[in-house]
Amino acid sequence: MLSISQDRTENTSQSFIFAHWLFGRCLGLATLTAFLSYWSQADSLIGPNGISPWQLDLERIESFLEKSETEQSKFSLRPTLLWFSIFANHHLLFSFGTISALALVLGFMPGPAALLSWIFYLSLSVVGEPFLSFQWDALLLESLFLSIPFLPFVTRHRISDPIKHSTWARILVLLLLSKLMIESGIVKFTYFDTDTTNAWRDFTALDYHYWTQPLPHTLSSWVHSLPSWLDWICLNAMYFIEIILPFFFFLPKNGRRFALFGQVILQLAILLSGNYGFFNLLTLTLCIPLLDDGLVPKRFRLSTGLDKKQKKKITPTVHLSHLATLYFLFLSTGWNFLQTDLQGNRINLIQESDKNWTIKVRNYIQPLRSINSYGLFRVMTKTRPEIIVEGSTNGEDWKLYDFEWKPDHEDDAPSFAGPHMPRLDWQMWFEGLRAERYVSQPFPKFLYGRFLNIIANGGGQKECFDLNHVLGEQEMRAFAQAPPQQKEMILSNYQSVMNSFIQQSTWFGKFLEACFESNLVILEKLKTVPFVNESPKFLRISFAHFEFQENNSLDNDVVWNVDKISGSQIMIQKK
């Protein structure tokens, strides 16, 4: 009897029937959350009256291809179903994507449901830049893409009717989790700030992280107030979990279970310290293939038939050649990503040439956005510059455009966003970091103000590169009298800085245009819209550093210390 019991325990520790069943449902839940969160913001972000309409994006791609001699196709630049007139409606794609994700949650045709979810999310994400440029969007696409061989191609996947799965397909999912963790760990040591410091290396990163992260929540200030010795323990534990534990994924029972425990602890800690949308749910889903049946309560195993010796054999839909192709793409690009991570951001040692075959593979697969590199918080931000937007009808009385999730004033308490991803507020965090650099120097600050003025008043790239239009009469006279060398330097800097603005900050100019026009399709995502029945004639853009108050308690009304950046204000008048 003892021998039989031991054999049964050993068998369950090497069996992953429950993980196979649970994985598809949790992946479907993460995908469903991503679709619904994005859909709730789609009209304001990519709709016809949104900040960056997808129709205009596709028109720009077509115009670019007509004028250039590139061999690229519009599908390689924007692989989306929106090119086809029958699918040219983003709400239709969101509907189909939501249905396919729901089917995955319910275990209905899991393999095809994952494939369709991947197609629909890819179609919607490629037209969503810059709002869909986050690493968890890339991670979702790669998770769906690489999980297809692991998920069964059956009508219903029931826990009571076990289905045989490929061990190599399960390992591929674990390799994705390994890549996410190892890359995120390595880059913390190899990437340096502009002042050549590295807060991860000197163990000061958590002095900044909780209040400089994009969207803190209710518990973030409390976590920040915990003793510094606990931060030291947490940092070392994180390094161990990210860099060392992934190798335990492929060990026998005890090592694998220890790795699972560490990954779950890390994700729960991240969840309790900040808002990261569906990232935690998705990463925990990738941990599920580590869960062997021996960890499932015996009563549950008996009631659901997990202890059945025979698994239903299904003719594999994904052949060995397909799985081998995925392994080749994953491992070859992974090697290239690892080289880049180890190199860091100091010296370029990798030869970007045609002779480097891994770069060829990476470029080949890149249009699908489904084999990606990761590296969360490569460089720890040490300040929190916030952009404060105000409007006025007379230039004297100012009203605040108060965002839903990001802080705008000292008593703007952080709150839980759950798995929802507030993409406008996230972009404001990135724009604040860029603007902090711009306003610290006179010439970039001047150009940034002129750029925002042009875009907010309905202008475009043509006006931005018209030197007379941008500089104005007085500045053009001064420019004309400058020595030739100085003129050349000014023009070079001008073009470089303006290109950066156009690529990274056009969306913010469009948001300011929505403020001038009282465009509620966009502004409805804010907590407070000060002008509804009338439009402001002036906008004031201010910049301030925010930091948690010391000894902050959960019931404190004043959360932030606010230090306005002097001389950084930008005024924009409606024309």
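Anyway, here's the lowdown on the structure attached to this text. Computed from a prediction, not measured in an experiment: that's the story for all the values here.

At a minimum axis distance of 11 Å, the contact between helix α17 (residues 423-438) and helix α21 (residues 484-517) shows a crossing angle of 125°. The orientation of α17 relative to α21 falls into the category oblique. For the element pair α17 and α21, the recorded crossing hand is left-handed. Residue-level contacts link Leu424, Gln427, Met428, Glu431, Arg434 and Tyr438 of α17 to Ser500, Phe501, Gln504, Ser505, Trp507, Phe508 and Phe511 of α21.

The next point concerns the layout of surface pockets. Here the second largest pocket defines a volume of roughly 670 Å³. Lining the second largest pocket we find 31 residues, and of these Tyr210, Leu266, Ala269, Ile270 and Ser273 sit closest to its centre. Elements with a contribution of two residues or more to the lining of the second largest pocket: α8 (167-190), α9 (205-212), α10 (220-224), α11 (228-244) and α12 (253-271). In terms of residue count, the dominant contributor to the lining of the second largest pocket is α11 (8 residues).

This next bit is on the side chain of Asn275. Of note, Asn275 is situated in the loop between α12 and α13 (279-287). Polar side-chain contacts of Asn275 include one of 3.3 Å to the backbone oxygen of Pro216. There is a polar contact of 2.9 Å between the side chain of Asn275 and the backbone nitrogen of Ala417. Residue contacts for Asn275: discarding those within four places in its chain leaves Leu215, Pro216, His217, Ser415, Phe416, Ala417, Gly418 and Trp426.

This part covers empty space enclosed by the protein. In the structure shown here, the tally under the stated rule is 1 cavity of 30 Å³ or more. Size it by volume and the largest cavity reaches roughly 40 Å³. Tallied by class, the residues present in the lining of the largest cavity amount to 6 nonpolar, no polar and 2 charged.

Once that is clear, we can look at the pattern of salt bridges. Within the structure shown, the criterion is met by 15 salt bridges. With a shortest N-O distance of 2.7 Å, Arg78 and Asp57 are connected by a salt bridge. Residue Arg78 is located in the loop between α4 (74-77) and α5 (90-106), and its partner Asp57 is located in helix α3 (residues 54-67); the two are separated by 21 residues in the primary sequence. By relative accessible area, which is 9% here, Asp57 ends up buried. With a closest N to O distance of 3.9 Å, Glu62 and Lys74 form a salt bridge.

Criteria and thresholds
Residues numbered from 1 in each chain as written. Predicted model: local features only at pLDDT ≥ 70, side-chain atom pairs only at ≥ 80, totals over all residues. Heavy atoms only, no water. Axes fitted to C-alpha atoms, helices over the stretch in contact; angles between N-to-C directions. Helix = DSSP H or I, 4+ residues; strand = E, 2+ residues; numbered from the N terminus. Parallel < 35°, antiparallel > 145°, perpendicular 65-115°, else oblique. Left-handed = near helix turned anticlockwise from the far one by under 90°. Contact = heavy atoms within 4.5 Å. 1 Å grid on protein atoms, 1.4 Å probe; cavity = no way out; pocket = protein on both sides within 12 Å on 5 of 7 lines; lining within 4 Å. Points joined across faces, edges and corners; volume = space filled by probe spheres on them. Polar contact = N/O pair within 3.5 Å; in protein donor to acceptor, adjacent residues only side chain to side chain. Nonpolar A, V, L, I, M, F, W, Y, C, P; charged D, E, K, R; others polar. Salt bridge = Lys/Arg side-chain N within 4 Å of Asp/Glu carboxyl O. Buried < 20%, exposed > 50% of the residue type's maximum accessible area, 1.4 Å probe, protein only.

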